[in-house]
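Examination of the molecular architecture
Each chain, letter by letter, is given below.
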Amino acid sequence: CAAAVLISIPIAILFMIIIHVLMSYVEDFSTGFNYVADSILGGPLSAPVFMISMGVGFAYSKKQESKILFKRGLNILILGYVLNVLIYPNVFIAIFTSEPLDVIIDELMTSFFCGDILQFAGVAIMFFALLKKFKLNEHVILLIGVILSLLGTFIPVINTDSYLLSCIGGLITPVNHSSCLFMLFPLTVWFIYPAFGYWFGNKLKNIQ
């Protein structure tokens, strides 16, 4: 089982590369290989695998103190936003153009403060640190993951034009900013995967 988890990580990385390359050059994902890459390889076989592996890593980590975990999560969260700046440097060009100020602000905010997998990982690790602070075991953490998933599924998506609500609230629950999902992996929807990984990792440790 442990070997299967390790093998799945590079495969998930490969699938993630494939879908992001296609997203840069392809518009139609409704049929053929493009559909398979988007809905299967780049869907349940990519991001959830990383998240489950992260949970397994929690179980095997020798440093599970809540303070250490919280600092690690905060560093990853900050790194996610730093990478946004490096990924979208061309947005700075808009500052020196004749674009209206509101358009420039919209481009800057959308590019630099939108959230992806690193933002989720940072928030998830900090939340996990909080759960460890209360000395909750893997069964309770998994139950919390299930409850959060249900909440994230059934609570209506928040629609707002507020960047503050989008940037902060979107880390926790689905928030649409101008009809676009601002944070791709809100905690309530996705925490169940690292929670399951933590539960699964502890089961593996008990078998060994």
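Structure first, text after, so check above.
These lines cover the structure that appears in this document, whether it is placed above or below. No experiment lies behind these values; they were computed from the predicted model shown.

So, how was this worked out
- Residues numbered from 1 in each chain as written.
- Predicted model: local features only at pLDDT ≥ 70, side-chain atom pairs only at ≥ 80, totals over all residues.
- Heavy atoms only, no water.
- Helix = DSSP H or I, 4+ residues; strand = E, 2+ residues; numbered from the N terminus.
- Buried < 20%, exposed > 50% of the residue type's maximum accessible area, 1.4 Å probe, protein only.
- Contact = heavy atoms within 4.5 Å.
- Axes fitted to C-alpha atoms, helices over the stretch in contact; angles between N-to-C directions.
- Parallel < 35°, antiparallel > 145°, perpendicular 65-115°, else oblique.
- Left-handed = near helix turned anticlockwise from the far one by under 90°.
- Nonpolar A, V, L, I, M, F, W, Y, C, P; charged D, E, K, R; others polar.
- Polar contact = N/O pair within 3.5 Å; in protein donor to acceptor, adjacent residues only side chain to side chain.
- Core = buried A, V, L, I, M, F, W, Y, C linked by side-chain atoms within 4.5 Å.

The secondary structure content of the protein chain amounts to 10 helices and three strands. The buried share among the 208 residues of the protein chain stands at 40%. Put simply, of all contacts in the protein chain between residues at least 6 apart along the chain, 65% involve residues at least 24 apart.

So, about the packing of helix α7 (residues 138-154) against helix α10 (residues 192-207). At a minimum axis separation of 8 Å, α7 and α10 run at an interaxial angle of 160°. As the angle between them shows, α7 and α10 are arranged roughly antiparallel. Regarding α7 and α10, the two cross each other, and that crossing is left-handed. Residues Glu 138, His 139, Ile 141, Leu 142, Gly 145, Val 146 and Ser 149 of α7 touch α10, and the partners they reach there are Ile 192, Ala 195, Phe 196, Tyr 198, Trp 199, Asn 202 and Lys 203. The residue makeup of the contact of α7 with α10, split by class, is eight nonpolar, four polar and two charged.

Relative to the elements of secondary structure, Thr 160 occurs in strand β1 (residues 158-160). Among the polar contacts made by the side chain of Thr 160, one reaches the main-chain amide nitrogen of Ser 162 at a distance of 2.9 Å. Thr 160 has contacts with Leu 165, Ser 166, Val 175, Asn 176, His 177 and Ser 178, leaving out every residue within four places of it along the chain.

Residues Met 54, Phe 120, Ile 141, Leu 187 and Phe 191 are the most contacted members of the largest nonpolar core, which totals 31 residues. Looking at which element gives the most residues to this core, the answer is helix α6 (residues 117-133), with 10 residues. Excluding its chain neighbours within four sequence positions, the residues that come into contact with Phe 191 are Phe 120, Ala 124, Phe 127, Leu 131, Ile 141, Gly 145 and Leu 148.

On to unusual backbone geometry, then. For residues other than glycine, phi is negative in most cases, and the peptide bonds are mostly trans. Notably, Lys 135 is not glycine yet its phi reads approximately 55°, a positive angle. Along the chain, Lys 135 turns up in the loop between α6 and α7. Residue classification places Lys 135 among the exposed residues on the basis of a relative accessible area of 75%.

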